[in-house]
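# Breakdown of the fold
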Amino acid sequence: MPDLLLELFSEEIPARMQAQAADALKKLVTDALVERGLLYEGAKAFVTPRRLALAVHGLPGRQADQREEKKGPRVGAPEQAVAGFLKAAGLASLDQATIQSDPKKGDFYVAVVEKPGRATTEVVAEIVPDIIRKFPWPKSMRWGSGTLRWVRPLHSIVATFGAEGDEPEVVHFSVDGIEASNVTRGHRFMAPEPFTVKRLDDWMAKLEAAKVVADRDRRKEIILNDAKDLALAAGLELVEDEGLLDEVCGLVEWPVVLMGSFEERFLDIPDEVIRATIRANQKCFVLKDPKTGRLANRFILISNLVASDGGAAIVAGNERVIRARLSDAKFFWDTDRLNGLASRMPKFQSITFHEKLGSQAERIARIVRLAKELAPKVGASVALAEEAALVAKADLLTEVVGEFPELQGLMGRYYAQGENLPAEVAAACEEHYKPQGPNDRVPTAPVSVAVALADKIDTLVGFWAIDEKPTGSKDPYALRRAALGVIRIVLENGLRVPLWGIARGHALAVRAKAQDNEFDRLHAALYALPSEVRAWPEFEALEEKSIFQDAILGLDSKLFTGAANEADDLLAFFADRLKVYLRDRGARHDLVDAVFALEGQDDLLLVVRRVEALAAFLATEDGRNLLAGYRRAVNILRIEEKKDGRAFAGPTSAALLKEPAEEHLAAAIEDVKARVSRAVAAEDFEAAMTALSDLRQPVDAFFDAVTVNDADPALRENRLKLLDEIRAATRGIADFDRIEG
């Protein structure tokens, strides 16, 4: 079967757009072909800096003929209806139509329209120009006097179609004055002359001869293998970088790997700074000395041509630029170390974090307070957590981080180590940003954990306080990532952290500070608080903690209620994020809902343990049957409550238990509730599920032997209360109403 070859030859396509453009061309063309009845066997897209191409294999030579029946108006219909039918069907008169009879609707006209299939070349010539004109480039341009918008000036189009062994024909069409042909060009410098191509294999072979590797994956393979070989010959190891490999692959059509060097004095700079400098400015790879584990004073560059001097001038040019950039980096590094991290802190007072949340200095103060509160809960030293939280953000004001923002945190660790700060503090400077994504590692050192949690919880509480929550796909402050970071830190470290109480306490501090910063007025307000607020045990507990003095002094009933509501809402957000986290690990989201629905469930570790135990229980026959019995009980209860307009809440009256089955069920419920309560208190959720399974047989027996809606109103009410007791027994574990399936 014939194959289609399409090539769009232009000026250099930005590397970041190439892969997406290749996928888009393949989808747009193949979808358009299939839509027109032209099925194919396979398709592959190609992209280099100067060309975007597509080969479609196994296309038919033409479309299949189509026969379509179009139903018209009834015989004897008005002339206007008949005329419309003839026009739509493409008939000259009713003589070209047939008449069909319907027992119910009578006789009506039918037009049989036969459409002969068009040649595939005609279809391609129709669809490709439209695809080119509407191609979804992120950015495009016009040039000269033309109207076409393309990523860069488009020079030529190759479009051929034919079967293997035959001379393919050119698919004739034009776009903005550019005529499709079978002529293309090779490498800009090494083979600039035009040449003709036939189909895919011929195109690839001639491009190879013209110093162009058309296959993107093959270019990547050449770069990676040659770079490793060159490094090995020098006794070094290539520091692989998939992102950089993708980028340099999009910069060359004929990759030539060369090695350069720089002065050893620059090795005093941290490896990450050297790598960032060389990567950002020259798109070069760095090399590592396997003996020391540190970077070597060599680098790998990728040229786009075979130079007559073996690449000496190209290497020298790159060395000159890299030397200048590393000189800048060394100046930044040396300058930053002249002043300590703590000396930079006053500058944060003049830097706004958010107009509604104050300065960076105020945010750091909040993180310090929260880190001190969290430290005992995660096994960290309060003093070290306070010191780490105070300097963790200081590297944001350094020259190196100003030049390379991606090194924030890491540079904080280097500067802290240079000042001989405690190792825990230095580690926290780097690790408090983690995890920054689902594949990023989670901090495990207690001080790092305390500061990381404080940083993320402050972000969440702060933006919740000013009502800047994520909506739909919009999350400009990365709050979903922050919540997922808290979840991962807590669960992967096995921490017991009461999130609701921490969130409420921190919300009090944020809201009080935002409400009024005047200490004297806050102090006076303390003695004017309503008695019901001052009686709250939480108030007394907060009052005793110096870390909350500024918040306590500004409390009023509205502030306290607002903080509690904010904590409720934030906990629901954590529940949603936890569902996503567990779902990715195969857990059921409805079980997370069922556990979170219980009051006071803010210990994520215990929530997960409950979910796991509940999932295991529901996978057993006892669990499935108890869930079915529960639903039967609740459905009856809801119907009767709706009918009577009131709720039926236990406990039941023992005197009204007439049937042995209901007596047995009532006794079983009391026993199970007590056992579940003890097991949950001991955090033995398997034992709680075992106790719950003992309800299965009494529930089944009750429904087999007892009529709930008895004629006696007292018996009916008592039995409905017994059904409510079933619900109460299960709620010691979870809200079974939220369990699906």
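Right above here is the structure, for reference.
Residues numbered from 1 in each chain as written. Predicted model: local features only at pLDDT ≥ 70, side-chain atom pairs only at ≥ 80, totals over all residues. Heavy atoms only, no water.

## With respect to the pairing of strand 5 (residues 98-102)
The pairing of strand 5 with strand 6 (residues 106-115) spans five bridges and is antiparallel. Paired with D102 across the strands is G106, a residue of strand 6. Here strand 5 folds back onto strand 6 in antiparallel fashion, the turn holding three residues. (Pairing = 2+ DSSP bridges. Helix = DSSP H or I, 4+ residues; strand = E, 2+ residues; numbered from the N terminus.)

## Here we look at the sheet that holds strand 14 (residues 256-261)
What the four strands build is an open sheet, ordered 13-15-16-14; its pairing is antiparallel. Across the chains shown, the open sheet's two edge strands, defined by having one partner strand only, are strand 13 (237-238) and strand 14. The sheet contact formed by strand 15 (residues 285-288) and strand 16 (residues 295-303) spans three bridges and is antiparallel. Residue K288 lies in a different strand from strand 16, and its bridge partner there is L295. Packing of helix 5 (residues 216-233) onto the sheet brings it into contact with strand 13, strand 14, strand 15 and strand 16, and relative to strand 14 it is tilted by some 40 degrees. (Contact = heavy atoms within 4.5 Å. Axes fitted to C-alpha atoms, helices over the stretch in contact; angles between N-to-C directions.)

## Some points on the packing of aromatic side chains
For any pair of aromatic rings, the description rests on two quantities: the centre-to-centre distance and the angle between the ring planes. For the coordinates displayed, the defined rule picks out twelve aromatic pairs. Their ring planes at 85 degrees and their centres at 6.3 Å tell us that W333 and Y414 sit as a pair that is edge-to-face. With W333 in helix 8 (residues 312-338) and Y414 in helix 12 (residues 410-418), this pair connects stretches of sequence that are 81 residues apart. Exposure remark for W333: the relative accessible area of 7% places this residue in the buried category. The structure contains a cluster of three or more aromatic residues connected by ring pairs, namely F135, W137 and W150. A cation over a ring is seen here: K71 above F108, with NZ or CZ 4.5 Å from the ring centre. Here the guanidinium or amino end of R413 rests over the ring plane of Y414, the centre of that ring lying 5.2 Å away. (Phe/Tyr/Trp six-rings, centres within 6.5 Å; stacked < 30°, edge-to-face > 60°. Buried < 20%, exposed > 50% of the residue type's maximum accessible area, 1.4 Å probe, protein only. Lys NZ or Arg CZ within 6 Å of the ring centre and 35° of its normal.)

## Concerning the pattern of salt bridges
For side chains of opposite charge, pairing can occur when their charged atoms come near one another. Taken as a whole and assessed by the stated rule, the structure comprises 61 salt bridges. Across the pair R275 and D241 runs a salt bridge whose closest N-O atoms are separated by 3.5 Å. Here D241 lies in the loop between strand 13 and helix 6 (242-249) and R275 lies in helix 7 (residues 271-282), a separation of 34 residues in the sequence. For R275, a relative accessible area of 30% corresponds to the partly exposed category. Overall, D241 belongs to the buried group, its relative accessible area being 12%. Put simply, K579 and D576 hold a salt bridge, and the shortest N to O gap is 3.4 Å. (Salt bridge = Lys/Arg side-chain N within 4 Å of Asp/Glu carboxyl O.)

## Points about helix 1 (residues 15-35)
Between the first and last C-alpha of helix 1 there are 31 Å, a value that for 21 residues agrees with the 30 Å anticipated at 1.5 Å per step. Inspection of helix 1 places A15, M17, Q18, A21, A22, A24, L25, V29, T30, A32 and L33 among the buried residues, and these make up the whole buried set. The inward-facing, buried residues of helix 1 contact strand 1 (3-10), strand 2 (42-48), strand 3 (51-57), helix 3 (120-133), helix 5 and helix 6. Within two residues after helix 1, G37 carries a phi angle of roughly 85 degrees, on the positive side. (Expected span 1.5 Å × (residues − 1).)

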